[in-house]
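Chain by chain, the residues run as shown.
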Amino acid sequence: MHPFKLSKCFSFTASRDWFYKQSFSNAGLRSVATDLGEGTVMHCWVPKIQNAARPNLLLLHGFGANAMWQYGEHLRHFTPRFNVYVPDLVFFGESYTARTDRSESFQAQCVMKMMEKHGALRMNLVGISYGGFVGYSMAAQFPDRLDKLVLCCTGVCLEEKDLEEGFFNVANLDEAISILLPRSPEKLRELMSFSFVKPQARWVPSYFLTDFIDIHVLRPNPLTVVYYFVIGPSIRLA
């Protein structure tokens, strides 16, 4: 059997999604899709039972498949002490919009509206990478709603000169998109080389990478295919 055809019989990515769904449920969370209006729906893992004695903790993911893949290994550290909320940001996972706004400001407004609908009016926030940009925007727009803010691996102080000096050396927007939205095992390996301190992508079989692309890159909701945004002439990465 051709190695790329393995996903026809077994999908590692789909199996991993199922495993994460079970672990999130076992951690006391439930999957909820919230209609925010104007064609925007936001999916979030929320507490099955909200404990009024515990503070709320919002976990925002970075670029990737969905929130589960970012925080699947961390829930056990948080759920005993917090009411944990783990949303798929708009354009990722099961969250989408019909609006054309691609800014982190819009993302922040969607997240806050979603939290309000779940009755979580104050919160602590952890944002990783792109999620840190969104968290930073939430702190700027809604300073009275956030108690503590933790930004991880987030270049909120990145300037145009940093890009000009080769911080992320790409020739044009199309090249950046080809890396951030990989459509081949080679491009996914390239993305992983940027994402990990000690990347091991060259040892990952191509059929596993192809399976991931088939499930989470080539088959998203039609409204969620853009995983990048542009500010002026610069490409902001997350």
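What counts and how
Residues numbered from 1 in each chain as written. Predicted model: local features only at pLDDT ≥ 70, side-chain atom pairs only at ≥ 80, totals over all residues. Heavy atoms only, no water. Helix = DSSP H or I, 4+ residues; strand = E, 2+ residues; numbered from the N terminus. Buried < 20%, exposed > 50% of the residue type's maximum accessible area, 1.4 Å probe, protein only. Contact = heavy atoms within 4.5 Å. Pairing = 2+ DSSP bridges.

Visitor: Describe the environment of C110, and please don't skip the residues or the numbers.
Guide: Within the secondary structure, C110 sits in helix 5 (residues 104-117). Look at C110 and you get buried, because its relative accessible area is 5%. Here the alpha-carbon distance between C110 and T40, two residues 70 residues apart in the chain, equals 8.3 Å. Beyond its immediate sequence surroundings of up to four residues, C110 is in contact with L36, T40, M42 and V90.

Visitor: How would you summarise the pairing of strand 2 (residues 40-47) if you had to cite specific residues and measurements?
Guide: With respect to burial, strand 2 is a largely interior element, 8 of its 8 residues being buried. Here strand 1 (residues 29-37) runs beside strand 2; their pairing, made up of 8 bridges, is antiparallel. Its bridge partner being in strand 2, A33 is matched across the sheet by H43. If you look at the hairpin formed by strand 1 and strand 2, you'll find 2 residues sitting between the two strands, and E38 has a positive phi there, around 55 degrees. In terms of strand pairing, strand 2 meets strand 4 (residues 83-87) through 2 bridges, oriented antiparallel.

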